[in-house]
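Listed here are the chains, written in short residue letters.
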Amino acid sequence: MTDLLQALAEHATQKLGDSVLAAQLSLGELTLEVKRPDLLRVCRILRDDTAFGFAQLIDVCGVDYLGYRAESPEGARQGPRFAAVYHLLSVERNQRLRLRVFLDDGLPLVDSVTGVWASANWFEREAFDLFGIVFEGHPDLRRILTDYGFIGHPFRKDFPLIGQVEMRYDPERQRVVYQPVSIEARILVPRVIREEGYGARDS
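Below is a summary of the structure that appears in this document. Quick caveat, the model's predicted, so the values are computed rather than measured.

Notes on the sheet that holds strand E4 (residues 82-90)
Then, in step 1: The sheet built from five strands is open, its strands ordered E1-E2-E5-E4-E3 with mixed pairing. Here the strands that pair on one side only, and so sit at the sheet edges, are strand E1 (20-26) and strand E3 (56-64). Across this sheet, the average inter-strand angle for adjacent strands is 20°, counted without regard to direction.
Then, in step 2: Sheet topology note: the strand E2 (residues 29-34)/strand E5 (residues 95-103) ladder contains three bridges and is parallel. When the sheet's bridge partners are listed, Glu 33 is paired in E5 with Arg 100.
Then, in step 3: Against the sheet, helix H1 (residues 2-16) engages E1, E2 and E5, with an angle of about 180° to E1.

Dropping the structure here:
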């Protein structure tokens, strides 16, 4: 399998040229890092070229690298915070490929691939909703998992874990309403209670 992926990596870097910034072969999977402006051209080649034949888009994921490996000896990861990751499948060749595109921190923006693979529609909406990645050219870029009035993007690393409001359906108003949380705020750190004198040496 490694030989096949190695051959795929070599052919991809040769065919796609400068559009490929890096090719990483790890844990039996190949990841190509491509330039953001070249994404659509790369995707069309990977779909249409008979040497690739990646006719199916399995998933589109957002990634937030904020604080990634911050406690490692090498220190925190350097580079852009956000990335969009595309998982491709070639049924004809029984091969998988992952594309990764790094995005700007201030406004994570990338071209929509819905014109290449129609299945990208809801995947891109999910990444937009949860990570705030904007897919330019998407036909209907709206939230898909959170409420219409939701503020923020829940899968970002800096999103607060404890909220101040809750939502419920009000049958009198016949709509969803927000109100202060009705449960006692809790700390997400385990609390350990020990008996008096725990750990003291016996005399």
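As for the nonpolar core
Then, in step 1: Judged by nonpolar contacts, the single largest core of 36 residues is most densely connected at Leu 32, Leu 39, Leu 46, Tyr 86, Leu 88, Leu 97 and Leu 99.
Then, in step 2: Taken together, the elements giving at least two residues each to this core come down to H1, E2, helix H2 (39-48), E3, E4, E5 and helix H3 (120-131).
Then, in step 3: Apart from the residues within four sequence positions on either side, Leu 32 is in contact with Ala 12, Leu 16, Val 20, Ala 22, Ala 23, Leu 97, Arg 98, Leu 99 and Arg 100.

Here's the deal with the packing of aromatic side chains
Then, in step 1: Enumeration according to the criterion identifies four aromatic pairs in this entry.
Then, in step 2: For the ring pair Tyr 65 and Tyr 68, a centre distance of 5.5 Å and an interplane angle of 80° mean the geometry is edge-to-face.
Then, in step 3: Residue classification places Tyr 65 among the buried positions, given a relative accessible area of 13%.
Then, in step 4: By relative accessible area, Tyr 68 is classed as partly exposed at 34%.
Then, in step 5: With a centroid separation of 5.8 Å and 45° between ring planes, the pair formed by Tyr 65 and Phe 102 is classed as tilted. With Tyr 65 in the loop between E3 and E4 and Phe 102 in strand E5, this residue pair connects regions lying 37 residues apart in the sequence.
Then, in step 6: Accessibility expressed as a relative area gives 17% for Phe 102, which makes it buried.
Then, in step 7: Through successive ring pairs, a cluster of aromatic residues spans Tyr 65, Tyr 68 and Phe 102.

Digging into the pattern of salt bridges
Then, in step 1: Under the definition given, this model contains eight salt bridges.
Then, in step 2: Residues Asp 48 and Arg 47 are paired through a salt bridge, measuring 2.7 Å at the closest nitrogen-oxygen approach.
Then, in step 3: With a relative accessible area of 48%, Asp 48 lands in the partly exposed category.
Then, in step 4: Measuring nitrogen to oxygen at the nearest pair gives 2.8 Å for the salt bridge that ties Asp 140 to Arg 142.
Then, in step 5: What emerges from the salt-bridge pattern is a single network uniting Asp 64, Arg 81 and Asp 158.

Here is what the cut-offs are and how they apply
Residues numbered from 1 in each chain as written. Predicted model: local features only at pLDDT ≥ 70, side-chain atom pairs only at ≥ 80, totals over all residues. Heavy atoms only, no water. Pairing = 2+ DSSP bridges. Helix = DSSP H or I, 4+ residues; strand = E, 2+ residues; numbered from the N terminus. Axes fitted to C-alpha atoms, helices over the stretch in contact; angles between N-to-C directions. Contact = heavy atoms within 4.5 Å. Core = buried A, V, L, I, M, F, W, Y, C linked by side-chain atoms within 4.5 Å. Buried < 20%, exposed > 50% of the residue type's maximum accessible area, 1.4 Å probe, protein only. Phe/Tyr/Trp six-rings, centres within 6.5 Å; stacked < 30°, edge-to-face > 60°. Salt bridge = Lys/Arg side-chain N within 4 Å of Asp/Glu carboxyl O.

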